[in-house]
Amino acid sequence: MRIRDDHDGAWKEIIGDFLGALLAMLLPKLHAAIDWAAPVEFLDTELRAAVRGPRGGRLHCDRLAQVHRRDGKGELLLLHMEVQGRRERGFAGRMFDYWSRIRARMGHAPVSVALLAGRGAWRTCGGTYRWRDHGCALRFDYVAVDLSDMDLGPWLARGNVVAHLIKAHRLAMETRGRPTPRMEGKVGVTRALLGMGLKGRQLNRAMRAVNWLLALPEAKELEFQERLGKLEGGKAMGYVTTYDRLVLKQARQAGIEEGMAKARKTWHQKGHVEGLKAGRTKGRMEGRLAGIRDTLIDSVRDRFGSVPRGVRSAVAKQADEATLRGWLRASLRMASIRELEEHVRHA
């Protein structure tokens, strides 16, 4: 099975988990204008409602944050951030559409920021939208940051976690289809993150983003985990993320154990070699599916407090790995259990 990077999911999580570090690096003046002692609220539900397209369909849109200005008045500031990884001729117009819809919905205008994460995106997604017709004219400027071209060196030296995640993103672009150099790069990024002294939730979140950005085939993922266990005298194994449990614990333990059991069962029916091979293959697959199901149920329970019966039933019956992985990613980014139920129901 081909493993796909999930850059969209990764960057949505990075914005949510490391907004302060992101703005400190990319937009220091904006960072300085925000009161970081006040709570940051992400308005995902409001954003989805604001950018609904014609006939109820939703336009794609990333994150909307509500922060407090550092001016002594405590006034609110809306920050819309859009990640763009490829060329798109209508992107500037789309940014203006988002700005105007958010302004109409929320009652005041957001600061609009485009994070251009792919080579060539700048050529068509730079920060200005213009319109003119029979004497009427409009110009909308938004902030555009080219992640593929900025100098990461000073920020890596300062220990900015987002600089390391941008480095992981660039590695993903450079090593597409080349699992061995990708694995080596992933080891390097992980070593650097561990060297920063990240612990607990921060390390968990950073490594989840790295896993999404630098997805590896199963064999290379297992090799990466073996290398990881040797880093820092084994301390690196202190973090456990969704995809670590998925690829490691379930695929390696449940899959191989069940595979060996099936191999023994078919030993006399198909012969030793055939039975062992078939049993391991089927066992790994069933073990991997069981791991995804368990992790998905845990994720839903952790986020929403309980698992609806319909979701639990659908998960138990679903035998397609790609679908289960999609539900798992959805469980991490959807704002409500109702939205997740609808997603599962219509899959």
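Model, not experiment: these values are computed from the prediction. (Residues numbered from 1 in each chain as written. Predicted model: local features only at pLDDT ≥ 70, side-chain atom pairs only at ≥ 80, totals over all residues. Heavy atoms only, no water.)

**Student:** Sorry if this is basic, but what is going on with the environment of L43 here?
**Tutor:** Mapping L43 onto the fold places it in the loop between β1 (41–42) and α4 (44–50). Accessibility expressed as a relative area gives 4% for L43, which makes it buried. Residues L43 and Q66, spaced 23 residues apart in sequence, show a C-alpha to C-alpha distance of 7.1 Å. In contact with L43, other than residues within four places in its own chain, are L64, Q66, L78 and M106. (Helix = DSSP H or I, 4+ residues; strand = E, 2+ residues; numbered from the N terminus. Buried < 20%, exposed > 50% of the residue type's maximum accessible area, 1.4 Å probe, protein only. Contact = heavy atoms within 4.5 Å.)

**Student:** Explanation requested: the nonpolar core in the structure shown.
**Tutor:** Burial of nonpolar side chains together is a common tendency in soluble globular proteins. Judged by nonpolar contacts, the single largest core of 53 residues is most densely connected at M25, L26, M81, L115, L147 and I166. By residue number, the principal contributor to this core is helix α8 (residues 161–174), which donates eight residues. When neighbours within four sequence positions are excluded, M25 is seen to be in contact with M150, L152, W155, N160, V162, A163 and I166. (Core = buried A, V, L, I, M, F, W, Y, C linked by side-chain atoms within 4.5 Å.)

**Student:** Just to check I follow, could you spell out the pattern of salt bridges for this structure?
**Tutor:** Oppositely charged side chains can form a pair if their charged atoms are brought close together. Evaluated as defined, the whole model comprises ten salt bridges. Measuring nitrogen to oxygen at the nearest pair gives 3.0 Å for the salt bridge that ties R139 to D141. Among the residues examined, D141 registers a relative accessible area of 44% and is labelled partly exposed. A salt bridge links E342 to R345, with the shortest nitrogen-to-oxygen separation between them at 2.4 Å. In this pair, E342 and R345 are both assigned in helix α17 (residues 337–345), three residues apart and thus about one turn of the helix distant. Bridged by salt links that share partners, the residues E13, D17, R205 and R208 form one connected network. (Salt bridge = Lys/Arg side-chain N within 4 Å of Asp/Glu carboxyl O.)

**Student:** What is the right way to read the sheet that holds strand β7 (residues 143–146) from this model?
**Tutor:** Pairing between sheet strands relies on hydrogen bonds along the backbone, with the strands arranged either parallel or antiparallel. With mixed pairing, five strands are arranged side by side in an open sheet as β1-β2-β3-β4-β7. In the strand order of this sheet, the two ends are held by β1 and β7, each with one partner. Pairing geometry for strand β4 (residues 111–116) and β7, over four bridges, is parallel. Bridge pairing links A114 to A144 in β7. Here helix α2 (residues 19–26) sits on the sheet in contact with β1, β2 (63–68), β3 (76–84), β4 and β7, set at roughly 80° to β3. Along the sheet, helix α5 (residues 91–106) makes contact with β2, β3 and β4, crossing β3 at roughly 150°. (Pairing = 2+ DSSP bridges. Axes fitted to C-alpha atoms, helices over the stretch in contact; angles between N-to-C directions.)

**Student:** Mind showing me how you'd approach the packing of α2 against α8 here?
**Tutor:** Two quantities define a packed helix pair, namely the angle between the axes and the distance from one axis to the other. Viewed as axis vectors pointing N to C, α2 and α8 meet at an angle of 80°, and their least axial separation amounts to 8 Å. Judged by the inter-axis angle, α2 sits roughly perpendicular to α8. Judged by residue contacts, A21, L22, M25 and L26 of α2 engage V161, V162, A163 and I166 from α8. Here the contact of α2 with α8 is built from residues that sort into eight nonpolar, no polar and no charged. (Parallel < 35°, antiparallel > 145°, perpendicular 65-115°, else oblique. Nonpolar A, V, L, I, M, F, W, Y, C, P; charged D, E, K, R; others polar.)

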